[in-house]
Amino acid sequence: MALEPTAEQQAAREVFVAGRDLTLVAGAGSGKTSTLILMGASTRKRGLYVAFNKTIAADAQHRFGPNVECRTAHSLAFQAVGCRYHQRLSASARIPAKHIAHILGITRDLPIGSHRVTLAHQARLVMGMIRRFCYSTDRGVTARHLETVNGLDSGGQEYLARTLLPYAVTAWQDISSPTGRLRFEHDHYMKLWAMTGPALQADFILLDEAQDTNPVLEEVFLAQAAQRICVGDPAQQIYGWRSARDVMTGFPAEHLYLTQSFRFGPQIAQVANRWLRHAESGLRLIGRGPATSRVADAPRPDAVLCRGNSDAMQEVLAYLDHGVPVALTGGGTALQRIATATQELKSGKPTSHPELFLFTSWSEVQEYADNDKAGQDLKAIVKLVDAHGPEAILHAVSRLSSEETARITVSTAHKAKGREWDSIRIGDGFAAPPLDDGGLQCDLSPAEARLIYVAVTRARHLLDPSGIAWIDDYEAATAHTEGTVAGRPMIELNLTAQLKHPTSPISQFMAQHLPHHLNLQRDYQQHLTDLPHPVQPIDVLHPNWSALGHAIDYRLRLSFGGDLGPAVHAGVQAFDDTHDFYGAPGVPARRALYATGRQLLATVTAHLTDPGRHDEDTVTRLCYVAAFFENIARTGHLHRFSLLANATTATDLTSLTAATPAYVLDDIGHQMRLAEQPLAALRALPPAKRICGPIFAGSADLGGADADYILDGLLLDCKATRHPRKLGREEIYQLAGYLLLDYDDTYGIDSVGLYLSRQGALITWDAPEFLQRLGARMPISQLRDRLRKHLRRAGGGTVLPRSPGVRARG
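Summary of the structure given here. The shown structure was predicted, so the numbers you read here are calculated from the model rather than taken from an experiment. (Residues numbered from 1 in each chain as written. Predicted model: local features only at pLDDT ≥ 70, side-chain atom pairs only at ≥ 80, totals over all residues. Heavy atoms only, no water.)

### Details of the overall build of the protein
From N to C terminus, the protein includes 32 helices and 23 strands. Taken over the C-alpha trace, the protein has a radius of gyration of 29 Å; the compact-globule value for 810 residues is 28 Å, and the two agree within 12%. For the C-alpha atoms alone, the extent of the protein along its principal axes is close to 85 × 70 × 55 Å. Relative to its full complement of 810 residues, the protein shows a buried share of 53%. Roughly 35,800 Å² of accessible area belongs to the protein as shown, and the carbon and sulfur atoms make up 51% of that amount. Each charge sign in the protein was given a centre, from 83 positive and 84 negative side chains, and these centres are 3 Å apart. (Helix = DSSP H or I, 4+ residues; strand = E, 2+ residues; numbered from the N terminus. Rg over C-alpha atoms; globule rule 2.2 N^0.38 Å. Buried < 20%, exposed > 50% of the residue type's maximum accessible area, 1.4 Å probe, protein only. Areas by Shrake-Rupley, 256 points an atom, 1.4 Å probe, with all protein chains shown as cover. Lys, Arg positive; Asp, Glu negative; His and termini not counted. Charge placed at Lys NZ, Arg CZ, Asp CG, Glu CD.)

### Some points on the sheet that holds strand β15 (residues 421–426)
In spatial order, the strands read β11-β16-β15-β12-β14-β13; together these six strands make up an open sheet with parallel pairing. Where the open sheet ends on each side, the last strands, each with one partner, are β11 (294–295) and β13 (326–328). Relative to strand β16 (residues 459–464), β11 runs parallel, the two being bridged by two bridges. Residue pairing for β16: V295 is matched across the bridge by L463. Here helix α11 (residues 266–278) sits on the sheet and contacts β11 and β16; the angle it forms with β16, its principal contact strand, is near 65°. (Pairing = 2+ DSSP bridges. Contact = heavy atoms within 4.5 Å. Axes fitted to C-alpha atoms, helices over the stretch in contact; angles between N-to-C directions.)

### Here's the deal with helix α32 (residues 780–794)
Along an α-helix, a turn takes 3.6 residues, which lines up residues three or four apart on a common side. When the terminal C-alpha atoms of α32 are compared, their 21 Å separation across 15 residues agrees well with the 21 Å that a helix rising 1.5 Å per residue should span. Among the residues making up α32, those that are buried are L783, R784, L787, H790 and L791. Along the axis of α32, the buried positions cluster into a sector of 130°, meaning they face one direction only. In α32, those exposed residues whose orientation departs by more than 90 degrees from the buried face are S781 and R793. In the stretch just after α32, G796 is the one whose phi turns positive, near 70°. (Expected span 1.5 Å × (residues − 1). Arc of directions from axis to C-beta.)

### Quick look at the side chain of S757
Tracing the sequence through the fold places S757 in the loop between β22 (751–756) and β23 (761–766). Those residues in contact with S757, other than ones at most four positions away along the chain, are I552, Q671, L674, C718, K719 and A720.

### Considerations on the pattern of salt bridges
Opposite charge on two side chains permits them to pair, given that their charged atoms come into close proximity. As enumerated under the stated definition, the model contains 31 salt bridges in all. For E219, the salt bridge goes to R139, with nearest N and O atoms at 3.2 Å. Within this pair, whereas E219 is found in helix α10 (residues 215–222), its partner R139 is found in the loop between α7 (119–135) and α8 (154–176), the two being separated by 80 residues in sequence. For R139, a relative accessible area of 39% corresponds to the partly exposed category. We note a salt bridge from R183 to E185, for which the minimum N-O separation is 3.2 Å. If you follow the salt bridges from partner to partner, you end up with K32, D208, E209 and K417 in one network. (Salt bridge = Lys/Arg side-chain N within 4 Å of Asp/Glu carboxyl O.)

### Regarding unusual backbone geometry
Non-glycine residue E280 carries a positive phi angle of around 60°. The residue E280 is located in the loop between α11 and β10 (286–287) in this model. Overall, E280 belongs to the exposed group, its relative accessible area being 65%. The backbone phi angle of D712 is positive, close to 50°, even though this residue is not glycine.

### Quick word on the pairing of strand β3 (residues 68–72)
Burial analysis of β3 places four of its five residues in the buried class, the great majority of the element. One ladder, built from five bridges, connects strand β2 (residues 47–51) with β3; its direction is parallel. When the sheet's bridge partners are listed, Y49 is paired in β3 with C70. Handedness of the β-α-β unit built from β2, helix α3 (residues 54–63) and β3 comes out right-handed. (Right-handed = clockwise from strand over helix to strand, strands pointing away.)

### Some words on the state of the cysteines
What the rule picks out here adds up to zero disulfides. The thiol sulfur of C230 is not disulfide-bonded, and the nearest other cysteine sulfur, from C70, lies at 17 Å. (Disulfide = S-S within 2.5 Å.)

### Concerning a negative patch on the surface
Together, D539, D615, D617 and D666 make up a region of like negative charge exposed at the surface. Note that D615 resides in the loop between α25 (587–609) and α26 (616–635). (Patch = residues over 30% accessible without salt bridge, like charges linked within 9 Å, V, L, I, M, F, W, Y side chains within 5 Å.)

### Digging into the environment of D580
Residue placement: D580 occurs in the loop between α24 (566–573) and α25. For D580, a relative accessible area of 66% puts it in the exposed group.

### A short note on the sheet that holds strand β7 (residues 227–232)
In space, the six strands of this open sheet follow the order β3-β2-β6-β7-β1-β8, with parallel pairing throughout. The open sheet has two edge strands, β3 and β8 (254–258), and neither has a second partner. Mean inter-strand twist for the sheet, computed between neighbouring axes without regard to direction, equals 20°. Sheet analysis places strand β6 (residues 204–207) next to β7, joined by four bridges and oriented parallel.

### What about the packing of α24 against α25?
Interaxial distance between α24 and α25 falls to 8 Å at its minimum, and their mutual angle equals 155°. With respect to α25, the axis of α24 lies roughly antiparallel. The hand of the α24/α25 crossing is left-handed. Here V568, H569, V572 and Q573 of α24 lie close against α25, whose contacting residues are Y594, G597, R598, L600 and L601. Here the residues of the contact of α24 with α25 sort into five nonpolar, three polar and one charged. (Parallel < 35°, antiparallel > 145°, perpendicular 65-115°, else oblique. Left-handed = near helix turned anticlockwise from the far one by under 90°. Nonpolar A, V, L, I, M, F, W, Y, C, P; charged D, E, K, R; others polar.)

### Some remarks on the packing of aromatic side chains
Throughout the structure, instances matching the rule amount to 14 aromatic pairs. Ring geometry for Y85 against F184: centres 4.6 Å apart, planes inclined by 5°, an arrangement best described as stacked. Residue Y85 is located in the loop between α4 (73–80) and α5 (86–91), and its partner F184 is located in the loop between α8 and α9 (186–194); the two are separated by 99 residues in the primary sequence. Since its relative accessible area comes to 5%, Y85 is described here as buried. Taken together through their ring pairs, the aromatic side chains of F696, Y738 and Y747 make up a single cluster. Positioned above the aromatic ring of Y743 is the side chain of R788, whose terminal nitrogen or guanidinium carbon lies 4.7 Å from the ring centre. (Phe/Tyr/Trp six-rings, centres within 6.5 Å; stacked < 30°, edge-to-face > 60°. Lys NZ or Arg CZ within 6 Å of the ring centre and 35° of its normal.)

### Notes on the nonpolar core
If you look at the biggest cluster of nonpolar residues, it comprises 101 residues, and the most contacted ones within it are L160, W275 and Y453. Ranked by residue count, the leading element in this core is α7, at nine residues. Ignoring any residue separated from it by four or fewer positions in sequence, one finds W275 in contact with L444, A449, I452, Y453, V456, I468, W470 and I471. One finds Y554, F560, A626 and Y709 within the second-largest nonpolar core, a separate group that totals 50 residues. (Core = buried A, V, L, I, M, F, W, Y, C linked by side-chain atoms within 4.5 Å.)

### Topic: the environment of G418
With respect to the element layout, G418 can be found in the loop between α17 (413–416) and β15. Residue G418 is classed as exposed on the basis of its relative accessible area, which comes to 69%. For G418 and Q441, which are 23 residues apart along the polypeptide, the C-alpha to C-alpha distance reads 33 Å.

### Here we look at the packing of helix α22 (residues 517–528) against helix α30 (residues 729–741)
Where α22 meets α30, the closest approach of the two axes is 9 Å, and the angle between their N-to-C directions is 110°. Judged by the inter-axis angle, α22 sits roughly perpendicular to α30. Between α22, through H517, L520 and Q521, and α30, the contact on the second element is made entirely by R729, I732 and Y733. By residue class, the composition of the contact of α22 with α30 is three nonpolar, two polar and one charged.

### Brief notes about the pairing of strand β12 (residues 303–306)
Note on strand geometry: in a regular strand, side chains alternate between the two faces of the sheet. The side-chain alternation of β12 yields two buried faces, one formed by A303 and L305 and the other by V304 and C306. Two elements, β12 and strand β14 (residues 408–412), share four bridges in a ladder whose sense is parallel. When the bridges of β14 are listed, L305 appears paired with S411.

### Brief notes about helix α6 (residues 97–104)
Of all the positions in α6, only A97, I100, A101, I103 and L104 are classed as buried. Buried positions in α6, seen along its axis, are confined to an arc of 160° and lie on one side of it. Buried residues along α6 sit against α7 and α8. Just downstream of α6, G105 is the residue with a positive phi angle, here 85°.

Purely geometric stuff here, so don't read any function into it on its own.
Now the structure itself:
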């Protein structure tokens, strides 16, 4: 007999039947799958359920109706593209680095200063670039896909990235060919499939476990025209180390919750909610499970959940020593084969192990696991083998029981995801955060809290949290006062910073008076559908994204006739003899930088008077240098990698502009060419109608707020983002905040918009429609008056403090 759906499940079904996109946040044990089945059964439309793995997909196919096809993302990619590489997949084996180097044409070690990158390590780094590329949404391999190499300075890193990039391009060409010789992996055809821009054949798509989505699948899912439902629990995102991303949080759809857990009762729900807070989740569970569900010692649990494989093996060996029948999640077959292969390799014999047969010694496997990203899945196994020896592991595996006959099951928290047991003990490995050098408690990582949340919510009747008992002392050491951030009242934060905190005065006002930001997010996402991929530097490992973002902002300002803005002036002023800040150089160098900054401002002023006196590259160099002066004003720090960090008494504007990297000129030049057509009409406006860096009457009622431009009534913010789909709630409310902080309608704003400089896209809304779509229930004049009173109450009627010489932008 089918159970009656809860009110939360019915609400989700109603949104689905109405044909609207939906984000369904489903807490542990809250009936997620039954809710999806309820949706699928409510229509005759064709549906596609995309599952996390093959087992889940196969089980779901038996439970859904015939109108819903259940697949994994890899099976969709294999059917469309991967099948052409079937022979390469079947033949693929792990290839030692020296063989990869031969295939790629790497013939010698690479000297970098006093270091030498061996031929084999170059090959490993190149294949790591391919792996990172395949996890990204980039359209081509770039120098940026190289991992950091310990021991090299920034110049050495850049040189290594540029040197290896051609080999990485060659590697991807080999992998993309059905006749290539390099190891072909499932993530390779997944990437090839995504790059075709596939349209999934379904009227609606149900994306399960959406909190742990491959970025490649995320891009495919977001681009679909079908109705989209993403389901999961962001607090169970535990595969970030695999580059998985949370699609749900920023997805432009209605957000509904399944909060009633039928797996466990109130006591276990209370423990789960404790870890949800540390995971920075807004979800809170209600325990509707067995009345006998409790938190207590479990001397004979059904399962022990550990942090890692080494901890799990220690538990297995301890139970075996006591004669307790024990099972290991995933079984021991893989361990047995590895241990046998280890014995063969240690004795100098070849091994038939399908992943190790090309290695000639165990030391080569150890080196591979330690140094090669492709070998990370072997690293824990190698650690186990080295800790216990292959003979002990083989003996332990021979004594393992099946889960059906075992008295106890041991598992890692990662492998326990999706499982449940009557009684659970939390085992070793979940360590409390350490103390810092000053003896203060370091913060608990939200990622670690999410993993522990997954572990504690596997129990139905009895949870023994002995492995995480340190949480009481941790919470006592980190107690803080509400309404503050790092001890600072939230009202003192600028507009942008306040929007990052749901309990800040600005966020509270928006939630009450303009609650429907999803309407505008959907509008914005729709505009992105036909836009090109964002332009970006290709052949540089670590572009200075912050400086590039400020540089294009300045370059566009200058094209509108505006100056660099007060932050650059404040940054220059910071170098006079009356100020001090973290990282400030000695007085002689400071005086040189102060004179250089004054020269920069004078040169830009002269350019505005006569725009033809400097060529495009010269102006771009000036804008790039200005970015580092602004950084001083914004952060109060002179950072180690700043263009200004190594100043001497000989430093001047000529030396700083000459130090501008070539990629900056290329990147800013590309963005300026993209801006020619969409911004032409705005540049042609009379000077009086072009306002750059406007500050509003309400800017003084919080920690600062100034927009990029107001152009003939158009409030415009420029975004130099490489990930435009990530823009959402905060950017929408930022525009709304600027609009409402113009208390007295000084600027006559009648429209608002975003300009995506890396795509050359101008997206605008009429101001009244913008507010109406956000859910405004009163005229703009009343909203402005309400906001003024709200902020002044939050500030206690006092003038908010400002740091000397520093302008807060928001």
